[in-house]
Amino acid sequence: MVPGEHTKWADPQVVVQGRTRGLWRDRSGRYPRSHRGCAARGAREIVMHRTTTRPITAIAGRATLCCLAVGLAIGPNCALAAELLKARLAQNLAPISGLAIVAKSKGIFEKHGLDITVSNFTSGKQCLDTVIGGGADIATTAEAPVTASTMANQPIAFVAGMEYSDLKTLVAAKAGVKTRADLRGKRIAFTAGTGSEVYTATLLKSAGLTSKDVTLVNLRPQEMLPALAAGSIDAIDTWEPHVANAKKALGEAVAEIDTKGTYSETFNIVVMKPYLDANPVLVENFIAALIDAEIWMKAHPDEAITTVADAVGMKRDELAPIWADYVYRVRLDDRLIEILKTHSAWRLESGNHPPGAAMPDFSKVVVTEPLKKVDPARVTLSWK
């Protein structure tokens, strides 16, 4: 998942999904930069849209929390005087981090009272490891690092999912693979310890095959294209944009087989529980910023593609054809939990877990309160 930072936010009046975003003005009638100082919507903006309706009482409550969080007396100058809440984000610099990329690039974090310093990494594992080690406060990460950390009894808090996308299988045309069952006897590249490995195991099982029926080759995603081109492997199991890059480079020499729905990799927001306990308002405002980034992206898809492509170092015409593969939505739902359980089951079956590990109780890992306070409709877990 190898694969911006700063463009200004939209005009003070922006039509989003048929509704208008209005910002409070100061006495001069201008929209001062200091409006960004209070994270609460009630102190500096009111947002209404079809997917997220926030009651006025909740807005007022968040305004109060914002002022208290920065040690200020509650009053009419809160929005002008409040300081931005600082946090360090460990981010996988790839399209899967699109919501966080847009929130940073378009100044949405600042509009929610946040000063977010971003450190970019090439994997979600690196991001979560950095947070666990104290080098960052918030991680963007996939389900694989989450299950590994949970089984190692790390006190992590999974506060929101923000994206999911299906993994894919690309095969060399000369390998004669038309269906997943034709993978028998083939050399398949995967990336150990990631969703790619779980996807591969799930794919083989769905075809009535086991790892003994194929030759598995552990490669990093960026190593797969050269290996496929050289003929040292017959197929790659990975995520975008690596599949699209291989298609573009190899043309008719490769083909994608239909594996849709086999396994979706998620991308999520994770913090440490002590950090969440100490910074509940900051985490809520971070999630609220991601929701506004989601709304902006859906209202401005062309600009969103350009923004994300520029940030991750892709050409726009390379990202545009696969843009629909990235499903951006801030939520906590049963699909997320099912993917976490599937990944955990794979760890238990394969032995890729700490001694004595068992299936985690994800109701103790997934923390719903921050998202519920921002938009309860986005929490649809059956256990809640």
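Look a little higher up for the structure.
Residues numbered from 1 in each chain as written. Predicted model: local features only at pLDDT ≥ 70, side-chain atom pairs only at ≥ 80, totals over all residues. Heavy atoms only, no water.

Colleague: It is not clear to me how the overall build of the chain should be interpreted in this structure. Could you clarify?
Modeller: On a plain count of helices and strands, the chain comes out with 16 helices and 14 strands. When the 384 residues of the chain are sorted by exposure, 54% land in the buried category. Surface exposure of the chain reaches about 16,100 Å², of which carbon and sulfur atoms provide 54%. (Helix = DSSP H or I, 4+ residues; strand = E, 2+ residues; numbered from the N terminus. Buried < 20%, exposed > 50% of the residue type's maximum accessible area, 1.4 Å probe, protein only. Areas by Shrake-Rupley, 256 points an atom, 1.4 Å probe, with all protein chains shown as cover.)

Colleague: Even after reading the chapter, I still don't get the pairing of strand 13 (residues 264-272), so can you show me in this structure?
Modeller: Here is the key point about a regular strand: its side chains alternate between the two faces of the sheet. Burial analysis of strand 13 places nine of its nine residues in the buried class, which makes it a mostly covered element. Both faces of strand 13 are covered, namely the face carrying S264, T266, N268, V270 and M272 and the face carrying E265, F267, I269 and V271. Here strand 6 (residues 138-141) pairs with strand 13 via three bridges, running antiparallel. Bridging from a neighbouring strand, T140 pairs with I269 of strand 13. By the bridge criterion, nine bridges tie strand 7 (residues 156-166) to strand 13 in an arrangement that is antiparallel. Each bridged residue has a counterpart across the sheet, and for A157 the counterpart in strand 13 is V271. (Pairing = 2+ DSSP bridges.)

Colleague: Sorry, what's going on with the nonpolar core here?
Modeller: Nonpolar side chains tend toward joint burial in soluble globular proteins. Formed by 76 residues in total, the largest nonpolar core has its most connected members in F158, V159, F286, L290 and L319. Ranked by residues supplied to this core, first place goes to helix 12 (residues 280-299) with 12 residues. Discounting chain neighbours no more than four positions away, the residues touching V159 are I269, V271, L276, V283, I287, L332, V367, P370 and L371. Core analysis: the second largest hydrophobic core is formed by 31 residues, V177, L209, A246 and I257 among them. (Core = buried A, V, L, I, M, F, W, Y, C linked by side-chain atoms within 4.5 Å. Contact = heavy atoms within 4.5 Å.)

Colleague: When you look at unusual backbone geometry in this model, what are you seeing that I'm missing?
Modeller: Note: most residues except glycine have negative phi, and most peptide bonds are trans. Residue P241 is reached from E240 by a cis peptide bond, and omega for that bond is 10 degrees. Note on placement: P241 falls in the loop between strand 11 (235-238) and helix 10 (242-250). Here N153, not a glycine, exhibits a phi torsion of approximately 65 degrees, which is positive. Looking at the element boundaries, N153 is found in the loop between helix 7 (143-151) and strand 7. The exposed category is assigned to N153, whose relative accessible area is 67%.

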